There are 2 protein chains.
Amino acid sequence: MATRSSWIQYAADCDFSIYNIPFGVYADADTRHHACSAIGDQVIDLYELCHHGYFGILNLDSSLFKHEFLNEFIALGKEVTNPVRNRIIELFSAGNTELQNNPVHCKTILKKQADVRMLLPVHIGDYTDFYSSIDHATNVGTMFRDPANALLPNWKHLPVGYHGRASSICVSGHSFHRPKGQQKPPDAELPVFGPCKLLDFELETAFVIGKKTEMGESVSTAKADDHIFGMLLFNDWSARDIQTWEYVPLGPFLAKNFASTVSPWIVTLEALEPFRTKGYVQEPKVLPYLQYTGDKNLDIKLEMFIQPEKAEPTKICTSNYKYMYWTMEQQLAHHTVNGCNLNVGDLMGSGTISGPQPHEYGSMLELTWKGTKPMKMSDGSERKFINDNDTVIIKGWCEKDGVRVGFGECSAKALPAL
Amino acid sequence: MATRSSWIQYAADCDFSIYNIPFGVYADADTRHHACSAIGDQVIDLYELCHHGYFGILNLDSSLFKHEFLNEFIALGKEVTNPVRNRIIELFSAGNTELQNNPVHCKTILKKQADVRMLLPVHIGDYTDFYSSIDHATNVGTMFRDPANALLPNWKHLPVGYHGRASSICVSGHSFHRPKGQQKPPDAELPVFGPCKLLDFELETAFVIGKKTEMGESVSTAKADDHIFGMLLFNDWSARDIQTWEYVPLGPFLAKNFASTVSPWIVTLEALEPFRTKGYVQEPKVLPYLQYTGDKNLDIKLEMFIQPEKAEPTKICTSNYKYMYWTMEQQLAHHTVNGCNLNVGDLMGSGTISGPQPHEYGSMLELTWKGTKPMKMSDGSERKFINDNDTVIIKGWCEKDGVRVGFGECSAKALPAL
């Protein structure tokens, strides 16, 4: 059971417990961009916290928390970011009165989450997306290729990945227009142009690089965690009809680069450590550079909702990060084994996280099996894919022995094509 | 014939004529990073030029030319960058004595190219690579798939492209280590790990985005040139054995992201305008959003050299940008038709530029036809692919009616695997 509590009250199912202390960047009428953390329904302004001397012995300049993005803070390394997080835990733990007894300071340092706007937390230099859920890869291979050989020959030997577009990654709460593009209907001789008809989401998480590497440098699975600052929820929006036509032979392009959505709070790897669990048994055995020891998977519960215009959200799937075949540590070791360099703030998507059961599939493509099994919404309407004005919401959290560490929401709305 | 000349002397075959006036960033013992242009064998320091009042009526702050990258300058738009370029042409034209007669100013403004180090000219947010040479795509399709159906069904309907890694794009003159990675020899049951055996170059050009777009915005072929600041030479280093094993189904990843090389000088689209030529006849007719009017291809002569350690360079191919099936304007219209947003400094690679003749192929893969026809170097050695310590050099220039506008060199050295 949870043994620590905070003098800020929160419910048992709150994502932002004293065990979490994620990092983000917020804005409001008075603040252009300040780094922040969260407890309960409150935002903790880290600039104000530092400015008022609460990070005293850490010797930090408060301007560090006034940047547009967290990159400079993260780049200081875990030897700084972990003590900052631990100090916040200390300050806000029940019984600590340093800040609690100073109502003037509390007033500038604490704001209601509902009253602020969360911003994209990091400048993303490069964005990579993996394809690491075996159930997702098997489902897609079954639908589009050959059920008897659903996984391609390389799939169990390396974490397949590809580069994506960083410029169109937005923070939760945004909207975007349904993309237009070329599609080739199965019975048509020539491609046609128009709004995508098969707009889909992909239920993913992503991790943020916290320590850079130089060209030529490789990171082992054993050292990978030093380079992972934390995780977010991620929706890799996909236009399936555009994808089918364009992706051979060089991979997805316009089918993906019109928009992606991240949740605003980076949950640190340290906050996630208690929720580590056994990795997938990998057969055949992977090459030595991909081998690892210890429990490197994570038990992160994931849920996905569709909220039609003027209706309540309908839960359409529950999945779990633990269904990942390849771990983040393996993804990172693979990404750098050729000497590719990483920068702080780079984002690495998991790929769609599907579980083995049909209600655990992480995309409409799989949930409705290419549109052949429409899903019922709470307002009585049906969905094969995403309709105009639908809002799609991901939720994710870890829970164990009464301790909850969550990600909040990753939400975006699909507007009609322009 | 050229009617304009400069009071700085240069040979007829010099890339940096008074008609060129490209943009770059240099460093030397006194200068961390200043924007610059070039004439003959000289670098023109634009910070010093501005600081000494030579951009008078343009009302520019000289600090604009002191940034690490040209992005801020380029972002001011062609309404600023074109007058700056025109003013430089005016100042350095034969007969203009404003600067010429001021030896003190000349001494701070002009430096020998041989005495400075050219830096990466722009911060590249996102990098996209296309696959737009019909001869290259046909050769690759013939070798790896089916000679009777070498081009995939989408190829003549859209400029196939994919996202690449921005972090490992380096400026000419660098070296990198041969990448390691998984390969699966054709007769092996399982993949093996080790240094890439089939290291290759790709002869490309790239263009730099000069005007940003917002998400949801599309750029027509007619407006595309407003968004293209200029062009560079580009080498998209490729590890063919890694590529063959990893690229299905999501495209190239570790086979490409270990290193790419750009030339240091951005030759403006305005300098290239006189060398426009007719585009490829596109059959079948492309969709309306890809149609364009006017001569949108470019006659850019390209040459590629391999220089073995301690030997003279051997010219291994001559090609020409005019062999591109898809124009830059079409690539840009396609890239944004789905609403994908562009930022100033984004880089768009052409894809390997091969011509119809065997000596015009733009990669070792094609030149040696998968290694079956080795090439002889000037030192008597043979190459199927790139050896350790080989330096690969691209040269490119336009020439017409006695006017020459060139790119200089794009050069990088492949060191042994670490």
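Conventions and cut-offs
Residues numbered from 1 in each chain as written. Chains lettered and ligands numbered in written order. Predicted model: local features only at pLDDT ≥ 70, side-chain atom pairs only at ≥ 80, totals over all residues. Heavy atoms only, no water. Core = buried A, V, L, I, M, F, W, Y, C linked by side-chain atoms within 4.5 Å. Buried < 20%, exposed > 50% of the residue type's maximum accessible area, 1.4 Å probe, protein only. Contact = heavy atoms within 4.5 Å. Buried area = accessible area lost by both parts, 1.4 Å probe. Salt bridge = Lys/Arg side-chain N within 4 Å of Asp/Glu carboxyl O. Polar contact = N/O pair within 3.5 Å; in protein donor to acceptor, adjacent residues only side chain to side chain. Helix = DSSP H or I, 4+ residues; strand = E, 2+ residues; numbered from the N terminus. Nonpolar A, V, L, I, M, F, W, Y, C, P; charged D, E, K, R; others polar. Pairing = 2+ DSSP bridges. Axes fitted to C-alpha atoms, helices over the stretch in contact; angles between N-to-C directions.

Describing the nonpolar core
Thinking step 1. Counting residues in hydrophobic clusters, the biggest one holds 150 residues, and the most contacted among them are A:Trp237 and B:Trp237.
Thinking step 2. Listed in part, the 47 residues of the second largest apolar core include A:Ile18, A:Phe73, A:Ile88 and A:Val208.

Quick look at the interface of chain B and chain A
Thinking step 1. Tallying the contact residues gives 59 residues for chain B and 59 residues for chain A.
Thinking step 2. Buried area between chain B and chain A, summed over both chains or domains, comes out near 5300 Å², and the portion from carbon and sulfur atoms is 64%.
Thinking step 3. By the criterion of area lost to chain A, the three top residues of chain B are B:Arg165, B:Leu250 and B:Phe253, representing 15% of everything that side buries.
Thinking step 4. The interface formed by chain B and chain A holds 4 salt bridges in total.
Thinking step 5. Of the charged contacts in the structure, one is a salt bridge between A:Arg165 and B:Asp126, with a shortest N-O distance of 3.5 Å.
Thinking step 6. Run the count over chain B and chain A and you get 26 residue pairs in polar contact (both at pLDDT 80 or more).
Thinking step 7. Among the secondary structure elements, those contributing two or more residues to the side of chain B that touches chain A are β6 (127-130), β7 (161-164), β10 (180-183), β11 (192-195), α6 (240-246) and α8 (328-336) of chain B.
Thinking step 8. No other element matches β7(B), which puts 4 residues into the side of chain B that touches chain A.
Thinking step 9. When grouped by side-chain class, the residues that make up the side of chain B that touches chain A number 34 nonpolar, 19 polar and 6 charged.

Digging into the side chain of A:Asp236
Thinking step 1. By the secondary structure assignment, A:Asp236 is in the loop between β14 (228-235) and β15 (238-239).
Thinking step 2. Leaving out residues up to four positions away in the same chain, A:Asp236 has contacts with A:Tyr127, A:Asp129, A:Tyr162, A:Phe201, A:Glu202, A:Glu204, A:Lys256 and A:Ser260.

Here we look at the pattern of salt bridges
Thinking step 1. Scanning the model with the defined rule gives 46 salt bridges over all chains in all.
Thinking step 2. B:Lys111 is the partner of B:Asp28 in a salt bridge, and the nearest nitrogen-oxygen pair spans 2.8 Å. Within this pair, whereas B:Asp28 is found in strand β1 (residues 24-28), its partner B:Lys111 is found in strand β4 (residues 110-112), the two being separated by 83 residues in sequence.
Thinking step 3. We classify B:Asp28 as partly exposed; its relative accessible area is 21%.
Thinking step 4. Residue B:Lys111 is classed as buried on the basis of its relative accessible area, which comes to 17%.
Thinking step 5. Across the salt bridge formed by B:Glu214 and B:Lys212, the nearest N and O atoms sit 3.9 Å from each other.
Thinking step 6. B:Glu214 gets classed as partly exposed once you look at its relative accessible area, which sits at 48%.
Thinking step 7. Connected via shared salt-bridge partners are A:Asp200, A:Glu202, A:Asp236, A:Arg240 and A:Lys256.

Examining the sheet that holds strand β21 (residues 314-320) of chain B
All names here are of chain B.
Thinking step 1. The strand order across the open sheet built from 5 strands is β9-β26-β25-β20-β21, with neighbouring strands paired in mixed fashion. Each having just a single partner strand, β9 (174-177) and β21 make up the two edges of the open sheet. Direction aside, neighbouring strands of the sheet carry axes that sit 20° apart on average.
Thinking step 2. Bridge count for strand β25 (residues 391-400) against strand β26 (residues 403-415) is 10 bridges, and the pairing is antiparallel.

A short note on the sheet that holds strand β3 (residues 42-45) of chain B
All names here are of chain B.
Thinking step 1. Taking strand neighbours across the sheet as the criterion, the 5 strands line up as β4-β3-β2-β1-β5 in an open arrangement whose pairing is antiparallel. The open sheet is flanked by β4 and β5 (117-119), the only strands paired with a single partner. Each adjacent strand pair in this sheet contributes to an overall mean axis angle of 50°, direction not counted.
Thinking step 2. Note that β1 and strand β2 (residues 31-39) share 4 bridges and pair antiparallel.

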